[in-house]
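Working through the structure, step by step
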Amino acid sequence: MFIHLDEVYYTYNIDMPFETKALKNINLEIQKGEFIGLIGHTGCGKTTLIQHFNGLLTPTSGKVYVEGIDTSKKGIDLKSIRRKVGLVFQYPENQLFEETVYKEVAFGPKKFGLPEDKIENRVREALKMVDLDYNLYAERSPFSLSGGEMRRVALASILSIRPEMLVLDEPTANLDPQSRNKILSEIKAIHNNFGITIVLVSHNMEKIAEMVDRLLVMHKGEIIMDSSPRDIFANHANDLLQVGLGLPQVTQCMYELKERGKKVYTGVLTVDEAAKEILSRMKSPTVSRK
Amino acid sequence: MKISRNISFGQYIPRDSLIHNLDPRVKILSCLVMIISLFLITQFWGYLILCSFTLGGIIISQIHPKFIFQGLRNILFIIIFTLIIHLFMTEGEVLYQVSFLKITKEGLINGLLISFRLFILILVTYLLTLTTSPISLTDGIERLLSFFRFMGIPAHEIAMMMTIALRFIPTLLEETEKIMKAQISRGADFDSGNIFERAKSLIPLLIPLFVNAFRRADELAIAMEARCYRGGEGRTNYRELKIRKTDILTFAFTIIITFVTSIMF
Ligand SMILES: Nc1ncnc2c1ncn2[C@@H]1O[C@H](COP(=O)(O)OP(=O)(O)O)[C@@H](O)[C@H]1O
Ligand SMILES: [Mg+2]
C-alpha cells in the first residue's frame, strides 16, 4: 500500500471566526500503479486532501501514512516523502521563476541532491515526457512561452524529480481544448509508460472518466463514492446528479434514454461504447418494446 | 515556515451591533481621541477608566473576546519587551539587584504603566478594525482627509490606494502560501541553512510573487480604465455616509470620558 489515510479530518483556522471543516472522516488507500480521478465541486476539499499526500498538511485528527510512514510524526524525513509524491499545483505556471527552461526543470533534482552530471539527463527525459523539444526549449525563458507550454514546463519540473506518484491539481484548468487534450494524453502516456501512480484532480467529469481506473467523488469534505467510473455511472448516476456533478456527455445521453424507459446500460464511457450499446438494444426488439 | 492566512489581528468580523453600525468617521475620530488621551494620562486610574471604557465597547460589539485576545497574543512579545526594557533601564530606587542588572521602583512603575498604555492602544485599534469593514474604513478616511483638501492632500487617491492595498493583502498572503507549498513540493527548503542560504532560498518565492503581482496590477488598471475610472473629482459614492443620533451620542460620550480622564489624571 502506497498511501493510506485513516479517519482524516482537517479544519482550517481552527477556533477562529472563519473556521472551515475542509475534510471529514476520509478513509482512503492508494496502491502503487493506480490511475485515480478525484472529482468534486470547487471548495469540496480536493486541494486540501492532496496536500496531505506529501505532508504539506497534516491532519487535524486521524493519520496519513505514506509507504507506512506517519506524516504527522515529528522528525521524519519529509523531503524523501516529497521526492516520492510529486504534487503539481493548480496553475503551476505561476510558480516558474528561473531564467531558462533548463534551470527551471533542473531545480527539483538539484534541490533533492542529484549530482550535477545526472541532472541534464533528467531534464531531457522530463521535457520529452511533456513533449517539448529539448534543443528548442532548454535555453528559452519560461516567461516567453505560451500558457500551455508554461504549464508543461511546470509539469516537467516535477517529473524531473522522478516521483513514484504524481498528483495533479486541475491540470487542465483554463486551457484551450487542444492544450487540454494534449496534457491529458501526456499524463496518460506517463502512466502507461512509466507505471507512475497518478491522481488526477478535476471538478469536471468530462474526459477524466474515460481515462482513469478508479474514481473518487468528493462532496463537502467527504468521499462519497469510490469505485470504477463504469460502476459509478451504471449504478450511482442518480446520486452524482443529486450532488450537482454532471455526467460526461455520452453517459448523460444514455442516462436520459434510460429515464425515458429505454433499458440501456448507463455505465458507458465513450461514444463508441454508447453507440454499440444503443445498437445492441435496437437489435433485440423484445427489450426495446417493453 | 508557516504563513498564517488569517491575519487574526484586525480582521473584520461582521456582526450587527451598535459599534458595527456606527459611522466609520465617528469610530476613527473616537479612536484618535482615545489614543491622544492615552498619551496625556500619566496615572494608573486614568488607564483603568479608559480600559474599562474600551472593554465596554468590546462587549457591546458582540465580538467574542477570544478573537481579540487571540490577536493580542501576537503583540504580547512587544509589550513584555517594553516592560523588561523599562524594568532594567530606569534609574532610581533599587528594589532588587543581580550583579549589574537592577530593578528599580521607578522602572517597575513606568514599565507597568507603559505596558498598560500599549495594551489599551492595541485594544482600541483592534476594536476599530474588528468592527469596521475595510471598505467603510477607507470611506471614512477619505471623507476625513477631504477636510484637508485645501492643503493639497489627494484624499480620494490616498483612499483608493488604501482600498486596493487592503483588498490585495489577503490575495498576496494566499498566493505566498500557495507558491511556497508548490516550491516545497519541488524540493525547496525555506527554513534551514544560514542567513545567506535562507535569503537565497526566497528567490523561488519572491520572483513568482512579483511577476504575478505586476500582472495583476496591470489587469486591475485596465479593468478600472475600461470602467472609465478617472480619479476623485466629482465622483459620487454608492454608500453615502450619514451621521445619525447614535453616532453623535457615542462621539460625545467618548469625548467627555477621554477629556475628563485626561484632565483628572
Ligand atoms: N488556506 C486556507 N485557509 C482557509 N480556508 C481554506 C484554505 N484553503 C482552502 N480553504 C477552504 O477549505 C475548503 C476546501 O477548499 P479546497 O480544498 O481548496 O477545495 P477544492 O480544491 O475542492 O476547490 C473551502 O471551503 C475553502 O474555502
Ligand atoms: Mg482546488
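Everything numeric here is computed off the predicted structure, so don't read it as measured data.

Our focus in this paragraph is the overall build of chain B. Summing up its helical and strand segments, chain B has 10 helices and two strands in all. When its helices and strands are written in sequence order, chain B yields α-α-α-α-β-β-α-α-α-α-α-α. In terms of overall dimensions, chain B is more spread out than a globule: its C-alpha atoms have a radius of gyration of 23 Å, far above the 18 Å expected for 265 residues. For chain B, the spread of C-alpha atoms along the three principal axes comes to 65 × 60 × 40 Å. Sorting the 265 residues of chain B into buried and exposed places 37% on the buried side. Accessible area of chain B: about 16,000 Å², with a carbon and sulfur share of 70%. Put simply, chain B has 27 plus and 20 minus side-chain charges, and the middle of one group is 5 Å from the middle of the other.

On to helix α9 (residues 203-226) of chain B, then. Taking 1.5 Å of rise per residue, 24 residues should cover 34 Å, and α9(B) covers 34 Å from first to last C-alpha, within 8% of that figure. Restricting attention to buried positions, one finds in α9(B) the residues Pro204(B), Leu205(B), Pro208(B), Leu209(B), Asn212(B) and Arg216(B). Buried-residue contacts for α9(B) involve α3 (101-111) of chain A together with α7 (155-185) and α8 (195-201) of chain B. Cys228(B) sits one or two positions beyond α9(B) and adopts a positive phi of about 65 degrees.

Moving on: unusual backbone geometry. What is expected of a backbone is that most residues other than glycine have negative phi and most peptide bonds are trans. Residues and elements named next belong to chain A. Of note in the backbone geometry, Asn25 takes a positive phi value of approximately 45 degrees without being a glycine. Note that Asn25 resides in strand β2 (residues 20-30). Among the residues examined, Asn25 registers a relative accessible area of 36% and is labelled partly exposed. Positive phi, close to 50 degrees, is recorded for Lys220, a residue that is not glycine. Among the residues examined, Lys220 registers a relative accessible area of 59% and is labelled exposed.

Residues and elements named next belong to chain A. Ordered by their spatial adjacency, four strands build an open sheet running β2-β1-β4-β5, and the pairing between neighbours is antiparallel. The open sheet terminates on both sides in strands that have one partner only, identified here as β2 and β5 (69-70). With five bridges joining them, strand β1 (residues 3-12) and strand β4 (residues 61-66) adopt antiparallel strand pairing. Within β4, the residue paired with Asp6 across the bridge is Lys63.

Attention now moves to the confidence of the model for chain B. Residue-level pLDDT values for chain B average 87, and 96% of them are 70 or greater. The element-level mean pLDDT for chain B is lowest in strand β1 (residues 94-98) of chain B, coming to 78, with α9(B) highest at 94.

We now examine the packing of aromatic side chains. Residue and element names in this part refer to chain A. Taken as a whole and assessed by the stated rule, the structure comprises nine aromatic pairs over all chains. A centroid spacing of 6.3 Å and a plane angle of 80 degrees characterise the contact between Tyr102 and Tyr134, whose relative ring orientation is edge-to-face. A residue pair is termed long-range when its members are at least 10 positions apart, and Tyr102 in helix α3 and Tyr134 in helix α5 (residues 134-137) qualify at 32 residues. With relative accessibility at 19%, the residue Tyr102 sits in the buried group.

This next bit is on the sheet that holds strand β8 (residues 197-202) of chain A. Residue and element names in this part refer to chain A. The strand order across the open sheet formed by six strands is β6-β7-β8-β3-β9-β10, and the pairing between neighbours is mixed. Looking at strand neighbours, the two that pair on one side only are β6 (85-88) and β10 (222-227), the edges of this open sheet. Pairwise comparison of adjacent strand axes, ignoring direction, gives a mean angle of 15 degrees for this sheet. When strand β9 (residues 214-219) meets β10, the two strands line up antiparallel, connected through five bridges.

Turning next to the domain arrangement of chain A. Examined at the domain level, chain A breaks down into domain 1 (1-76 + 164-246), domain 2 (93-162) and domain 3 (248-290). The distance between the C-alpha centroids of domain 2 of chain A and domain 3 of chain A comes to 46 Å.

A few words now on a nonpolar patch on the surface. Residues and elements named next belong to chain B. A cluster of nonpolar side chains, Leu95, Tyr96, Val98, Phe100, Leu101, Leu108, Ile109 and Leu112, forms an exposed patch at the surface whose accessible area comes to about 810 Å². Looking at the nonpolar patch, the elements that each hand over two or more residues are β1 and α5 (105-131). Checked against the element boundaries, Val98 lands in strand β1.

Reading the values: the criteria
Residues numbered from 1 in each chain as written. Chains lettered and ligands numbered in written order. Predicted model: local features only at pLDDT ≥ 70, side-chain atom pairs only at ≥ 80, totals over all residues. Heavy atoms only, no water. Helix = DSSP H or I, 4+ residues; strand = E, 2+ residues; numbered from the N terminus. Rg over C-alpha atoms; globule rule 2.2 N^0.38 Å. Buried < 20%, exposed > 50% of the residue type's maximum accessible area, 1.4 Å probe, protein only. Areas by Shrake-Rupley, 256 points an atom, 1.4 Å probe, with all protein chains shown as cover. Lys, Arg positive; Asp, Glu negative; His and termini not counted. Charge placed at Lys NZ, Arg CZ, Asp CG, Glu CD. Expected span 1.5 Å × (residues − 1). Contact = heavy atoms within 4.5 Å. Pairing = 2+ DSSP bridges. pLDDT = per-residue confidence, 0-100. Phe/Tyr/Trp six-rings, centres within 6.5 Å; stacked < 30°, edge-to-face > 60°. Axes fitted to C-alpha atoms, helices over the stretch in contact; angles between N-to-C directions. Domains from an automatic or database assignment. Patch = residues over 30% accessible without salt bridge, like charges linked within 9 Å, V, L, I, M, F, W, Y side chains within 5 Å. Salt bridge = Lys/Arg side-chain N within 4 Å of Asp/Glu carboxyl O.

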